[in-house]
Amino acid sequence: MKLEALSKKLPANVMDEIPLIMEKFGIDNPLKLSHFLSQCAHESGNFKFVKENLNYSADGLLNIFGKYFKKADGKTPDKELANKYARQPEKIANRVYANRMGNGDEASGDGWKYKGAGYIQLTGKNNYAEFDKFVDDDIMANPDLVATKYPLMSAAFFFHKNKLWDICDKGHTPDVVVALTKRVNGATHGLADRQEKFDLFHSTLA
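Residues numbered from 1 in each chain as written. Predicted model: local features only at pLDDT ≥ 70, side-chain atom pairs only at ≥ 80, totals over all residues. Heavy atoms only, no water.

We now examine the overall build of the protein. From N to C terminus, the protein includes twelve helices and zero strands. Ordered by position in the sequence, the α and β elements of the protein form the string α-α-α-α-α-α-α-α-α-α-α-α. Whereas a compact globule of 206 residues would reach a radius of gyration of roughly 17 Å, the protein reaches 18 Å, a difference of no more than 12%. The burial tally for the protein puts 46% of its 206 residues in the buried class. For the protein, long-range pairs separated by at least 24 residues make up 57% of all intrachain contacts whose partners lie at least 6 apart in sequence. Within the structure as shown, the protein displays about 10300 Å² of accessible surface, and the carbon and sulfur contribution to it stands at 49%. (Helix = DSSP H or I, 4+ residues; strand = E, 2+ residues; numbered from the N terminus. Rg over C-alpha atoms; globule rule 2.2 N^0.38 Å. Buried < 20%, exposed > 50% of the residue type's maximum accessible area, 1.4 Å probe, protein only. Contact = heavy atoms within 4.5 Å. Areas by Shrake-Rupley, 256 points an atom, 1.4 Å probe, with all protein chains shown as cover.)

At their nearest, the axes of helix 2 (residues 30-43) and helix 9 (residues 151-161) sit 11 Å apart, and the two run at 115° to each other. In terms of crossing hand, the pair formed by helix 2 and helix 9 is right-handed. Counting all contacts with helix 2, which are made through Phe36, Leu37, Gln39 and Cys40, the residues of helix 9 involved are Leu152, Ala155, Ala156 and Phe159. Here the contact of helix 2 with helix 9 is composed, by residue class, of seven nonpolar, one polar and no charged. (Axes fitted to C-alpha atoms, helices over the stretch in contact; angles between N-to-C directions. Left-handed = near helix turned anticlockwise from the far one by under 90°. Nonpolar A, V, L, I, M, F, W, Y, C, P; charged D, E, K, R; others polar.)

Once that is clear, we can look at the nonpolar core. Where a protein is soluble and globular, its nonpolar side chains tend to be buried together. Counting 44 residues, the largest nonpolar core has Ile18, Phe36, Leu37, Leu152 and Phe159 as the members making the most contacts within it. Secondary structure elements with two or more residues in this core: helix 1 (12-25), helix 2, helix 7 (125-132), helix 8 (145-148), helix 9, helix 10 (165-168), helix 11 (174-185) and helix 12 (191-205). Looking at this core element by element, the count peaks at seven residues for helix 9. Of all hydrophobic cores here, the second largest spans 14 residues; its members include Phe69, Ile92, Val96 and Tyr97. (Core = buried A, V, L, I, M, F, W, Y, C linked by side-chain atoms within 4.5 Å.)

So, about the environment of His172. Within the secondary structure layout, His172 lies in the loop between helix 10 and helix 11. Measuring from C-alpha to C-alpha, the distance between His172 and His35 comes to 8.4 Å, with 137 residues separating the pair along the chain. With sequence-adjacent residues up to four places away left out, His172 is seen in contact with Leu31, His35, Phe198 and His202.

Within the structure shown, the criterion is met by 13 aromatic pairs. Both rings, one in Phe25 and one in Phe134, keep their centres 5.6 Å apart while their planes meet at 20°; by these two values the pair is stacked. Linking Phe25 in helix 1 with Phe134 in the loop between helix 7 and helix 8, this pair joins segments that are 109 residues apart in sequence. The class for Phe134 is partly exposed, based on a relative accessible area of 24%. On the numbers, 5.1 Å between centres and 70° between planes, the contact of Tyr114 with Tyr128 is edge-to-face. Residue Tyr114 is located in the loop between helix 6 (110-113) and helix 7, and its partner Tyr128 is located in helix 7; the two are separated by 14 residues in the primary sequence. Taken together, Phe25, Phe131, Phe134, Tyr150 and Phe157 form an aromatic cluster joined through their ring pairs. Taking NZ or CZ as reference, Lys91 lies 4.8 Å from the ring centre of Tyr85, over its face. The residue whose ring lies beneath Arg95 is Phe69, and the NZ or CZ to ring-centre distance is 5.2 Å. (Phe/Tyr/Trp six-rings, centres within 6.5 Å; stacked < 30°, edge-to-face > 60°. Lys NZ or Arg CZ within 6 Å of the ring centre and 35° of its normal.)

Before going further, it helps to spend a moment on the side chain of Lys197. The residue Lys197 is located in helix 12 in this model. Ignoring sequence-local partners within four residues, the contact set of Lys197 consists of Ser38, Ala41, His42 and Asn46.

On to the environment of Asp110, then. Among the secondary structure elements, Asp110 is positioned in helix 6. The exposure class assigned to Asp110 is buried, which follows from its relative accessible area of 11%. A sequence separation of 84 residues divides Asp110 from Arg194, and the C-alpha atoms of the two residues are 32 Å apart. With near-sequence residues (within four places) excluded, Asp110 lies in contact with Asn94, Asn103, Gly104 and Lys125.

It is the contact of helix 11 with helix 12, at a shortest axis distance of 10 Å, that shows an interaxial angle of 120°. When the axis of helix 11 is compared with that of helix 12, the two are oblique. Helix-helix and strand crossings are classified by hand; for helix 11 and helix 12 the assignment is right-handed. On the side of helix 11, the interface is formed by Pro174, Val177, Val178, Thr181, Val184 and Asn185, while helix 12 contributes Leu191, Arg194, Gln195 and Phe198. (Parallel < 35°, antiparallel > 145°, perpendicular 65-115°, else oblique.)

If you want it as C-alpha cells, here you go:
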C-alpha cells in the first residue's frame, strides 16, 4: 500500500497511528484501510473532533435524549427538568449514560468519565474496559487517553469488536459503503461524503 501518499491528506497524528493499527488488527489491503479511514474522517469532521459534544440546549435534550427527560408518567416531556441540565455537558453525560453500558448511577460520574471519545466515539465503561486490553496504557485509570493518544486505535477496536473488517473485504462498490455506514452510524447520514472520502483514500492507496 502507498501509505506515504496519504501524508498529504491526513494529519500527522493519524499517520503515526496507522502502522500500529495495521499490525494490531491485520489491516492488510487498501480496501480495509480506505473504508476505515473514510468512516473515521466523516464521523470526526476530518479528524478534528475526538470527544463527544454534549453541550445541548433544553430543546436539544428533549429531541436527542427525550426518554431521559420525562415527567413521572414516563410519557410527557419535562421541559423544566431539561432546563436544569441544559448547556452543562458533564451533568448531561452523567444522566443520559447512567446505569447502562457498564456505567454506575448518575452520581457515580461514569457517564462523563466514559463519554464518547475517539474518531468513532467509544462510549461506556464496558467498552473502555474492553479497549483497555488492546493497549499498554491503563485506560480505566486514564480514560482521556482514548481521545488524546488513541483516537484512531479506539476506532479500529470498534471495527474489530463489531466485525466490520469482514464487510470492508466485500469490495469497493457503493453498497459496501452503505452497509458500513449503517453499522457505524445506525443510519445513512452523510453517505455521499463517506463515499467521496472512500473513493479518495482508495484511489490514493490502491
